[in-house]
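# Overview (structure and organization)
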Amino acid sequence: MPEFVQFLISGLTVGAVYALVALGFTLVYNASDVVNFAQGEFVMLGGMVTVFLTAAGVPLPLAAVLAVCVSVIVGLLLYWLAIEPARDASPVTLIIITIGASILLRGAAQILFDKQFHKLPSISGDTPVHLLGATVQPQSFWVLGGTAAIVILLYVFLERTVIGKAVLATAANRLAARLVGINTATVMALAFGGSAAIGAIAGILITPITLTSYDVGTMLALKGFAAAMLGGMGNPIGAVAGGLLLGLLEAFGVGYISSTYKDAFAFIVILLVLFAMPQGLFGRRTVERV
Amino acid sequence: MLQKIGHRYLTLIVLAAIVAVLPAIFPSSYYFRVASLVWVSALAAIGLNVLMGQAGFFGIGAYAVAIGPAHFGIPPWAALLIGCVISGVLAYLVGRPILRLKGHYLAIATLGLGVLVALVLTTESRWTGGPDGMPVAKLVLFGWRVSGSDTWYWITGGLLVLGTWLALNLNDTPTGRAFRALHDSEVAARVAGIDVARFKLQAFVIAAVYASVAGSALALMNGFINPDQAGFLHSVELVTMVVLGGLGSVVGSIVGAAVLITLPQVLTVFQEYEHLLLGFIIIVSMIFMRDGIVPTLSRALARRTQS
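Summarised in this report is the structure supplied together with it. Think of each chain on its own: its residues are numbered from 1, step by step along the sequence as written. Key to labels: chains lettered from A, ligands numbered from 1, both in the order written. The predicted origin of the model limits local features to residues at a pLDDT of at least 70 and limits the giving and counting of side-chain atom pairs to 80 or more, whereas totals for whole chains, interfaces and linings rest on all residues.

## Concerning unusual backbone geometry
Residue and element names in this part refer to chain A.
- For D33, which is not a glycine, the phi torsion comes out positive at approximately 65 degrees.
- For D33, a count of 13 C-beta atoms within 10 Å puts it in the partly exposed group.
- Of note, L211 is a non-glycine position whose phi angle comes to about 65 degrees, a positive value.
- By the criteria applied, helices consist of DSSP H or I runs no shorter than four residues and strands consist of E runs no shorter than two, each listed in order from the N terminus. Relative to the helices and strands, L211 is located in the loop between α8 (184-210) and α9 (217-231).
- The partly exposed category is assigned to L211, around which 15 C-beta atoms lie within 10 Å. Counting other C-beta atoms within 10 Å of its own, a residue is labelled buried from 20 upward, exposed at 12 or fewer, and partly exposed in the gap between, with every C-beta atom placed from the backbone.

## Things to note about the packing of helix α3 (residues 60-83) of chain A against α8(A)
All names here are of chain A.
- Relative orientation of the contacting elements α3 and α8 amounts to 145 degrees, with a least axis distance of 8 Å. Crossing hand, α3 versus α8: right-handed. Listed contacts from α8 to A64, A67, V68, S71, V72, V74, G75, L76, L78 and Y79 of α3 are M188, A189, F192, G193, S195, A196, A197, G199, A200, I201 and I204.
- All residues other than Ala, Val, Leu, Ile, Met, Phe, Trp, Tyr, Cys, Pro, Asp, Glu, Lys and Arg, Gly among them, are scored as polar; the first ten of these are nonpolar and the last four charged. The class makeup of the residues in the contact of α3 with α8 is 16 nonpolar, 5 polar and no charged. Lines fitted to C-alpha atoms define the axes here, with helix axes fitted over just the stretch in contact, and angles between the N-to-C directions of these axes take values from 0 to 180 degrees. Put simply, a crossing is left-handed when the front helix is turned counterclockwise from the back one by less than a right angle, and right-handed when it is turned clockwise. The contact criterion used is a C-beta to C-beta distance within 7 Å, with each C-beta placed from the backbone.

## Topic: the nonpolar core
- Only buried Ala, Val, Leu, Ile, Met, Phe, Trp, Tyr and Cys residues enter a nonpolar core, and they are joined through C-beta atoms within 7 Å. Ranked by internal contacts, the top residues of the largest apolar core, which has 184 residues, are A19(A), V21(A), A226(A), L43(B) and A214(B).
- No other element matches helix α10 (residues 196-222) of chain B, which puts 16 residues into this core.

## Some points on the interface of chain B and chain A
- The partner chain A presents 36 residues to the 34 residues of chain B that form the contact.
- Going through the elements one at a time, α5 (103-123), α11 (232-245) and α13 (274-288) of chain B are the ones with two or more residues in the side of chain B that touches chain A.
- Top contributing element to the side of chain B that touches chain A by residue count: α13(B), with 10 residues.
- Per-class residue counts for the side of chain B that touches chain A are 24 nonpolar, 6 polar and 4 charged.

## Observations concerning α8(A)
Residue and element names in this part refer to chain A.
- Expected span of a helix: the number of residues minus one, times 1.5 Å. With 27 residues, α8 should reach 39 Å at 1.5 Å per residue; the first-to-last C-alpha distance of 37 Å fits that figure.
- The quantity called bend is, for any residue, the angle between two axes fitted respectively to the seven residues ending at it and the seven beginning at it. At I204, α8 shows its strongest bend, of approximately 30 degrees, with the proline P208 following within four residues.
- With 19 of its 27 residues buried, α8 lies for the most part within the structure.
- Backbone geometry just downstream of α8 places L211 in the positive-phi region, at approximately 65 degrees.

Okay, here's the thing in structure tokens:
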């Protein structure tokens, strides 16, 4: 039982980060049909900028806020300088552009920061908490709580504000949204900025546990994309569920079966799920118009 | 414009001529090596058609020629063929369920397959040497030990010409026409009576075998192999080559491979700015040549000749 709780919590903690990356994918995908493979780099930026600002003497809370701002600016620049000019290109061209952007950001991080692994201090110290026999780092609660807060805020924003409804309308039908007077370009910029902020927060929260370096973004992008697929692309609830499920699969796979094949369990399950449900767990069945 | 048939052989002749003439201007063996890498990557990329995860099959081919001779005493050329068979059979078995998926779901499924292959190669260190990789025995053909970067230049160049010739020939068979119909519109192809599932599976298996041969060639050429060759980043690199060069054209794959292999070699003079510049160049060329280098240039050329 203590073992089970241990794996459960570590799985949910890692899964929460996958969920946030997947949520970022979903936000951008819904607004613009772009699969943004630079999504993982926002997580890297959040962690790395905070690390280097605190090292320069900036207090942690301020450093964290500044790191989120830096990521949002990078996200907006990515949209305005790289995605917007190629607006009417095919989806695969846009994907390659975001892959180029992720190589560029990794290259920039390598120069501006360094190639070392870095750690941030935990928000509430490192004294482990005992929960149902399991030893839990207090930072795990910050990760889980932060993820829950982001999901709730995003939900309220989308459902209760006019701008949020404009985002949903754009996601549902871009042409129709433009016809009723929604500035879809602003909505897309908002989606890129928002997904960058979500990624950066995920990076800041998880760095005390998993450490960060200039190249953590690649694997996170792959996992986040896989989580979004598992849940069903374009569905925010699916993204969160897919992320948490992916984290749990990894944790239980490592705990009960073998640690060497950590990534294998996740991908085998994803393949099996997609064989049975080609649209993911929560995906809508789409009817293709010819 | 030239007739379609003439165009087909023109591509092949130009390619063969380029392979034959390039050595004349190569100042050192380093150039032979880089060019060989281009030929190998192009060969792996030819079969690629948006399906990602190709590096998995590349890795199978590469490790076949490493493990076969080292652990089972199989001659390298036979190990290469065994690699092709394993890749082809694996593609056939997983192709059926995977190819039912569409778009991004298909991409993540094939990527996942590649990641699984890379994981097995990294983990089973008893056979593969683990993350550090393993040495590959020299290729011996009829008592002749194949080595030297210029020798490998001719072998890989020959393989690419052969692979291109087969691919172009395939274009003119009913199978090739079915492939192109699928590429243009799956629904229209189905309406025209094409067994979509069967031809997709065939294309998938052929692409896997191409990647496998390319992997074997690279492993034998380098005399060393590690799991990165089967990894996620290598899959992404191969897809980037195809899209950068121009999707759906053999020439596009070769041009894309040439650009993406030589560019980092050139950019090493910028040292730490290498990746920054590589990313920047990819973004800018995709913005200004969104259909890829070859289609964009040939359209510009056609407009020139018309006016």
